[in-house]
Number of protein chains: 2
Amino acid sequence: MGKMPNSADLAALENAGGILSLIATGAASSRAELLQASGLSRVTVTQRLNALMACGLVRETERTLPSGGRPTRMLAVNAAAGFMLVANIGETHIHLAAMDLTPAVIVERTLPFDIESGPEATLVQMAEAFALLASEAGKNDAPLLGISLSLPTPVDFKRGRVVGPSVLPGWDEFDIIGRLHDRFVVPVYVENDVNLMTIYEYRRNFPAADDILFVKIGTGIGSGMIAGGRIFRGAQGAAGDIGHIQFPSPDAPLCRCGKFGCVEARAAGWAIARDLSARGFVAETARDVIDLVEQQKPEAIMLLRAAGRTIGEAVSDAVSILNPSLIVVGGTLARGGDFLLSGIRELVYQRCLPLATRDLSIVLSGSREDSAIFGAAYLLLDDVFSPARIEALMKRFLKMKSEPRYLDAG
Amino acid sequence: MGKMPNSADLAALENAGGILSLIATGAASSRAELLQASGLSRVTVTQRLNALMACGLVRETERTLPSGGRPTRMLAVNAAAGFMLVANIGETHIHLAAMDLTPAVIVERTLPFDIESGPEATLVQMAEAFALLASEAGKNDAPLLGISLSLPTPVDFKRGRVVGPSVLPGWDEFDIIGRLHDRFVVPVYVENDVNLMTIYEYRRNFPAADDILFVKIGTGIGSGMIAGGRIFRGAQGAAGDIGHIQFPSPDAPLCRCGKFGCVEARAAGWAIARDLSARGFVAETARDVIDLVEQQKPEAIMLLRAAGRTIGEAVSDAVSILNPSLIVVGGTLARGGDFLLSGIRELVYQRCLPLATRDLSIVLSGSREDSAIFGAAYLLLDDVFSPARIEALMKRFLKMKSEPRYLDAG
DNA sequence: TATCTTATGTAAGATTTTTTACATAATAAT
DNA sequence: ATTATTATGTAAAAAATCTTACATAAGATA
């Protein structure tokens, strides 16, 4: 009676199939690190690793670490073991890509997008493009692991649906996952673009920062949050909506949302373009604004600096509420560099308590590429490589080894 | 080669010692629910449960659930199996209590507190009081499981220290845990009072709401957040600081923090008391304000309503950023009921996007008691009952059974 | 080259957990 | 009382994982 269960030092949740997750996230890249991070015994890790290497998902790098004795052999996900289809639906274009497991782009394509065309037609068009990309990327028998989409609207991630009215008329509550799953029999994920850009910054650029606020300043303004290493979505997936924080004032401009005085109506790309137009410039989009800034037009620079301060007001509210350790500023207007950043810094350091700002960095996003598609890839990989799914995936890979036929459900 | 590991449907993280956690949190209260929630086999659950019942931590309730067949016997934590020492350090008093595992108060005591007396003297005084409470609560051999403190300042929970200057001079970076651990050889936890009140609301009143914003409106203003079922602390434990969100205006009042126009300086208890004093009333604290409101003084009611709208501005920012599903308003001024709440509701529903408000409830906290000490108890129990600690705890209980001597380290 | 050091693999037995199969318990309905 | 139904316990074998112990690998250093 009363035999006590032996609860090994379970390092969080990565016990069963988490080996692959650990490697994929970079949390562990050698056998020793895997032992430490997983809490499993060397025998078990070896066995799992053998299975993962046998099915081609993991490989040993050429790289080794000197250690005073036999050098440590480094491990990595075999980028060529499979591929993913991802797409970022923007307001004028759809950027589609097939990506390997790095994740890195294998082939890509951009389609023009008419925002009025609705989900039915758009998804049919995308499926065609995806099929072409897949036949290209799947040439050497690499299987398709899943599809991941980025949308410029609030998304209820769990259900994979656009929620609420948005810039995409007709998409509200449309069953995107179902439609794509009919064509490609793989997992399908749908997420908001800002959240995906946030995930990208965390995973690729700042993996050590566990509390990140990412602010996207482009045609619109939005933000995403990494809290304790996980994306923060809120109850409806609407968290991070700093663009519609309002500052009342006598001259409060009308916002796209129908209210007056929103940050977006004062400082987003479309608002600055509006103000530049009123001053006789030709500007419609965030890109037009940045072009004028890069041409050193004083009015454009002035308006961008003012926008920085306005955004700084909203960001300082977010800092007071969220207490992040890092703020990353991205989006088209971020190309304005310090013209934009100085105002944000000024307001945050002025308004927030010293405790919240003393270890806070505010930096520009380094990437100019379409980071949302990378975020979409990370999101997909995180789930496909999760302990709950890994077994099914490995079985599929082993079957492929024995019967090397590429099967397209399309 | 290539034997596949069997990764049982691991339902989150509750695999090893989590049985007790599941019962304690109310996530499972019968054997069948334990099976489902833990993902373990019936044999294993039975075995664990036997061990937990053998050492007295869990008991079968008299209550049963009719089921068409043999009724389900309900399980519960044995409230009398141990006790905790908790305290809420306020600005004028310290409320100490010994609590059972319900958690419910066994004995309590209130000490006057001079905010200037510093941590050394205060902790000595508290330790004395704790020792008395412990001798009372430990009479029938119940062991002391831990100590948990609530402080009215930002706390770095991981290190258990007050961070940054605050209303408690001299406490910054003081080693509270070390000092108490010297006297009582048990785990010691320290957390901010608002976070603990938030935990209380979640655990006791709204266990089904996974994204809660709790707003405390008393002498000061602060907030706490439950996100996905976990308390949200931010990088330094300073998250939820809505009291110092600033709204500039020509007449912006000076705040305790040294800045102008903070929400707190406009709408906290001390600010309303200031305004009432200027109108000839005698008021210093939040309680004085509420007394005047309950006496139906029009000026007090007017100022409280105005405060509601001001707080509503900050809360609407928080709603845009956090997207909670529930807002609970507590603190002394919450006794003002709809006088306070209507302004908050007005601003939130006016300013936030429909998506964020369509499923949002804004309610008053029901409890008048000192909810921070209950939150402190829940916080302690969560950790002491966690898989990582359960084994040690059970061993201790079994040893007590064989050698029933109450050992006080004091 | 010999030795030291750390990395890594593997066999064998112990422990934990699951699965399977069967038995018993307690209530409602007949 | 009998039967149906759901709850619960237990034994035995299978599977997974851990511990222990030993062996081998590969570079650094003397």
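Residues numbered from 1 in each chain as written. Chains lettered and ligands numbered in written order. Predicted model: local features only at pLDDT ≥ 70, side-chain atom pairs only at ≥ 80, totals over all residues.

The full set close to DNA strand D counts 26 residues, and A:Ser41, A:Thr44, A:Arg70, B:Gly69 and B:Arg70 are the nearest of them. Those elements that provide at least two residues to the surface near DNA strand D are α3 (42-54) of chain A together with α2 (31-38), α3 (42-54) and β2 (72-77) of chain B. Per-element tally for the surface near DNA strand D: the top contributor is α3(B), with three residues. Looking at the surface near DNA strand D, its residues break down into nine nonpolar, 11 polar and six charged. (Near = placed C-beta within 6 Å. Helix = DSSP H or I, 4+ residues; strand = E, 2+ residues; numbered from the N terminus. Nonpolar A, V, L, I, M, F, W, Y, C, P; charged D, E, K, R; others polar.)

Turning to the protein's contact with DNA strand C, a few remarks are in order. Taken together, the neighbourhood of DNA strand C is formed by 25 residues, with A:Gly69, A:Arg70, B:Ser41, B:Thr44 and B:Arg70 sitting nearest. For the surface near DNA strand C, the secondary structure elements donating two or more residues are α2 (31-38), α3 and β2 (72-77) of chain A together with α3 of chain B. Per-element tally for the surface near DNA strand C: the top contributor is α3(A), with three residues.

Our next topic: the environment of A:Ile272. Residues and elements named next belong to chain A. Counting through the fold element by element, isoleucine 272 comes out in helix α8 (residues 269-278). With 28 C-beta atoms counted inside 10 Å, the residue isoleucine 272 sits in the buried group. Those residues in contact with isoleucine 272 that sit more than four places away from it in its chain are Val289, Leu303, Leu304 and Ala307. (Buried ≥ 20, exposed ≤ 12 C-beta atoms within 10 Å, placed from the backbone. Contact = placed C-beta atoms within 7 Å.)

Residues and elements named next belong to chain A. Of all seven residues making up strand β11 (residues 221-227), seven are buried, and the element is well covered by its neighbours. Bridge count between strand β10 (residues 211-217) and β11: seven bridges; the pairing is antiparallel. Bridge pairing in β11 links lysine 216 to glycine 222. The antiparallel hairpin formed by β10 and β11 contains three residues in its connecting segment. (Pairing = 2+ DSSP bridges.)

Taken domain by domain, chain A comprises domain 1 (18-77), domain 2 (80-186 + 371-383) and domain 3 (207-364). Relative to domain 2 of chain A, the C-alpha centre of domain 1 of chain A lies at a distance of 31 Å. (Domains from an automatic or database assignment.)

What follows is about helix α10 (residues 298-322) of chain B. Residues and elements named next belong to chain B. Between its first and last C-alpha, α10 extends 35 Å over 25 residues, near the 36 Å set by a 1.5 Å rise per residue. For α10, the principal kink sits at glutamate 313 and spans about 25 degrees. Summarising burial for α10: 18 of the 25 residues are buried, a large majority. Positive backbone phi, at 50 degrees, marks asparagine 323, one or two positions downstream of α10. (Expected span 1.5 Å × (residues − 1). Bend = angle between axes of the 7 residues up to and from the residue.)

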